[in-house]
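Chain residues, written in single-letter form:
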Amino acid sequence: MNISESRIWLIKAITVTAPFEMWQLSPLPYTGITFLLLYIYLLLCAFTFHESFSGRLFYRYSLPLLLIWAIMLATHQVYPAPKTTEGVSILRQFFFLIVFFTFALKDVTSLSSRTKDIGHYLMIAISVMLMIFFFGFTSLTESIDGRRSIEGMNPNLLAIYCAIGILFLVDSLIAGNNAMSRTLPHFMIIILLAGSFIALALSGSRGGLVILGSGLLVYFLTGTRLSKNTLFISLIFFLIIIVATWGISSSGVVAKRLAHMQDDIRLTIIWPAALKFIMHYPLFGGGLDQMYIAISRAVGGIAIAPHNEYLKILGGSGMIGFGFFLVFLGRLLINAFRYRQSSGSGLYIALWLMIVLYLSKGGGALQLPLVWLIFLLLSTNNNNLQSCDEQKPSHPS
């Protein structure tokens, strides 16, 4: 196996282990198996820089992210404030994952031209996660309000994995043109679908429920090229999903948390304090440390994160940095629409919306390998179609 193939195998391994990045192999930070694989991957990329780096993909996708990081670093240094370990950690991880994203773009593009893309390996990861959740291969945790998750995994993170898994599984049943639908029989896909719904309900995640409902709605609304039979099946399936989603929202844990949304400290204190800080430094931001201090003062001196990646970008890099991030997200959305035009599937438009919504409430979302794997998938899905078109035999007119 040459180095190029080794890099692709590492991308697969990183994807499969992504849900378990919180399991540390030592007391030191960033020593989970996923991050160790990331270190090895970047080391191989350093040895094969000319082969693994794509200037075209860098300027299109990575450059806006690096500019955001550069502004964040500058404001972190310029504005005097007691330095917090949180601010330093965010900047370090953000840069590390941008570098991974930059090099992985070319390898994921190569992987997408094959029969199984990164989405297939993400579904393997979600399937393993569900097996661990239901069969108790590790301890489950239960919070005071009854929310359940895998040991060390935030229930909201479990929920977003389940929501993404449900989207891919629905697409496998309806579209039937991906690697999973060709690999697994329908009854296995339905079992995984049911397991994902149950795990999402037990996680008690309000955001997970909203993200799932929004993603499925957009998926069905943007799907095209459906035969009458497929359209009827889709309609029935959508009605079943609505009933299942209603069942989740009516379950004890989720219903209780939905009823107390007005008491959410994020809505009442944290986000208003973050927005007030952003208004004082609108152009380039006032630095992550300054924003964390402003929030901690608002909540009585408790160090707490904004739990919103958009507010974090605005606080650390201002409207300039946020503009770069909108450019990045816009390019991903353009790819998703191009995929829809070529394939008739709204899968990636729905996935784009789900990850955009998750960034608005997921604390530390941009520090998670999952988010960057989704970014990679959305960045390269159009390349997948181009590669497939190139492989089609030409027919003389």
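Treat the numbers as computed from the prediction; the structure is a model and nothing was measured.

**Some words on the overall build of the protein**
In terms of regular secondary structure, the protein is built from 17 helices and two strands. Going through the 397 residues of the protein one by one, you find that 54% of them count as buried. For the protein, the share of sequence-separated contacts (at least 6 apart) that also reach a separation of at least 24 residues comes to 75%. Surface accessibility of the protein: about 17,600 Å² in total, with carbon and sulfur atoms responsible for 68%.

**Observations concerning empty space enclosed by the protein**
Across all of its chains, the model carries one cavity of 30 Å³ or more by this definition. For the largest cavity, the full set of lining residues is Met-72, Ile-90, Phe-94, Glu-309, Lys-312, Ile-313, Leu-366 and Gln-367. When contributions to the lining of the largest cavity are tallied by element, the ones reaching two or more residues are α5 (85-112) and α15 (309-343). The dominant element in the lining of the largest cavity, judged by the number of residues it contributes, is α15, at three residues. Residues that form the lining of the largest cavity fall into these classes: five nonpolar, one polar and two charged.

**Observations regarding helix α16 (residues 347-359)**
Note: α-helices contain 3.6 residues per turn, so residues at a spacing of three or four share the same orientation. Taking 1.5 Å as the rise per residue, α16 with 13 residues should run 18 Å; its terminal C-alpha atoms sit 19 Å apart, in good agreement. All of the buried residues in α16 are Leu-347, Tyr-348, Ile-349, Ala-350, Leu-351, Trp-352, Met-354, Ile-355, Val-356, Tyr-358 and Leu-359.

**Observations regarding the packing of helix α6 (residues 118-135) against helix α7 (residues 155-174)**
Closest axis-to-axis distance for the α6/α7 pair is 10 Å, and the angle between their directions is 125 degrees. Classed by the angle they form, the pair α6 and α7 counts as oblique. Handedness of the crossing formed by α6 with α7: left-handed. Residue-level inspection shows Gly-119, Leu-122, Met-123, Ile-126, Met-129, Leu-130 and Phe-133 of α6 in contact with α7, the latter providing Leu-158, Tyr-161, Cys-162, Ile-164, Gly-165, Phe-168 and Leu-169. Class assignment for the residues of the contact of α6 with α7 results in twelve nonpolar, two polar and no charged.

**As for the packing of aromatic side chains**
Under the counting rule described, the total for this entry stands at 22 aromatic pairs. Aromatic side chains Phe-53 and Phe-103 sit 6.2 Å apart centroid to centroid with 65 degrees between the ring planes, which places their arrangement in the edge-to-face category. Remark: Phe-103 occurs in helix α5 and Phe-53 occurs in the loop between α3 (49-52) and α4 (55-78); sequence separation between them is 50 residues. Note on Phe-53: relative accessible area 25%, which makes it partly exposed. Taking the relative accessible area as the measure of exposure, Phe-103 reaches 12% and is therefore buried. Taking 4.6 Å as the distance between ring centres and 85 degrees as the angle between the ring planes, the aromatic pair formed by Tyr-339 and Tyr-348 counts as edge-to-face. Tyr-339 gets classed as buried once you look at its relative accessible area, which sits at 14%.

**Looking at a nonpolar patch on the surface**
Nonpolar side chains collect at one region of the surface, where Leu-25, Ile-33, Leu-36 and Tyr-39 lie side by side and expose about 350 Å² of accessible area between them. Secondary-structure assignment places Tyr-39 in helix α2 (residues 33-47).

**Here's the deal with the pattern of salt bridges**
As enumerated under the stated definition, the model contains three salt bridges in all. Glu-51 is the salt-bridge partner of Arg-7, the closest N and O atoms lying 3.9 Å from each other. Note that Arg-7 is positioned in helix α1 (residues 3-17) and Glu-51 in helix α3, a separation of 44 residues in sequence. With relative accessibility at 38%, the residue Glu-51 sits in the partly exposed group.

**Overview of the nonpolar core**
Among the nonpolar cores identified, the biggest contains 114 residues, and Tyr-41, Phe-100, Met-129, Ile-164, Phe-325 and Phe-375 are the most heavily contacted of them. Counting residues per element, this core draws most heavily on α7, which supplies 15 residues. Excluding anything up to four places from it in sequence, Met-129 contacts Pro-19, Phe-20, Ile-150, Met-153, Leu-158, Tyr-161 and Cys-162.

**Observations regarding α7**
Here α7 contains 20 residues, and its C-alpha end-to-end distance of 28 Å stays within 8% of the 28 Å for a straight helix at 1.5 Å per residue. Burial analysis of α7 places 19 of its 20 residues in the buried class, which makes it a mostly covered element.

**A short note on the packing of α15 against α16**
Any two packed helices are characterised by the angle at which their axes cross and by the distance between the axes. Between α15 and α16, the shortest axis-to-axis distance is 9 Å and the interhelical angle comes to 170 degrees. Taken together, the axis directions place α15 and α16 in an arrangement best described as roughly antiparallel. Counted together, Glu-309, Tyr-310, Phe-325, Leu-329, Leu-332, Leu-333, Ala-336, Phe-337, Tyr-339 and Arg-340 of α15 and Tyr-348, Ile-349, Trp-352, Val-356 and Leu-359 of α16 form the full contact between these two elements. Residue classes in the contact of α15 with α16 are distributed as 13 nonpolar, no polar and two charged.

**Remarks on the side chain of Ser-345**
Secondary-structure assignment places Ser-345 in the loop between α15 and α16. Residue Ser-345 is classed as buried on the basis of its relative accessible area of 11%.

**Examining unusual backbone geometry**
The backbone phi angle of His-307 is positive, close to 55 degrees, even though this residue is not glycine. Position of His-307 among the secondary structure elements: in the loop between α14 (288-298) and α15.

**Digging into the environment of Phe-58**
Structurally, the position occupied by Phe-58 is in helix α4. Classification of Phe-58 by relative accessible area gives buried; the value is 15%. When the C-alpha positions of Phe-58 and Phe-103 are compared, they lie 8.5 Å apart, and in sequence the two are 45 residues distant. Not counting residues within four places of it along the chain, the set of residues in contact with Phe-58 comprises Phe-53, Leu-63, Leu-66 and Thr-102.

What counts and what doesn't
- Residues numbered from 1 in each chain as written.
- Predicted model: local features only at pLDDT ≥ 70, side-chain atom pairs only at ≥ 80, totals over all residues.
- Heavy atoms only, no water.
- Helix = DSSP H or I, 4+ residues; strand = E, 2+ residues; numbered from the N terminus.
- Buried < 20%, exposed > 50% of the residue type's maximum accessible area, 1.4 Å probe, protein only.
- Contact = heavy atoms within 4.5 Å.
- Areas by Shrake-Rupley, 256 points an atom, 1.4 Å probe, with all protein chains shown as cover.
- 1 Å grid on protein atoms, 1.4 Å probe; cavity = no way out; pocket = protein on both sides within 12 Å on 5 of 7 lines; lining within 4 Å.
- Points joined across faces, edges and corners; volume = space filled by probe spheres on them.
- Nonpolar A, V, L, I, M, F, W, Y, C, P; charged D, E, K, R; others polar.
- Expected span 1.5 Å × (residues − 1).
- Axes fitted to C-alpha atoms, helices over the stretch in contact; angles between N-to-C directions.
- Parallel < 35°, antiparallel > 145°, perpendicular 65-115°, else oblique.
- Left-handed = near helix turned anticlockwise from the far one by under 90°.
- Phe/Tyr/Trp six-rings, centres within 6.5 Å; stacked < 30°, edge-to-face > 60°.
- Patch = residues over 30% accessible without salt bridge, like charges linked within 9 Å, V, L, I, M, F, W, Y side chains within 5 Å.
- Salt bridge = Lys/Arg side-chain N within 4 Å of Asp/Glu carboxyl O.
- Core = buried A, V, L, I, M, F, W, Y, C linked by side-chain atoms within 4.5 Å.

Keep in mind that these numbers describe shape and distance, not what the molecule does.
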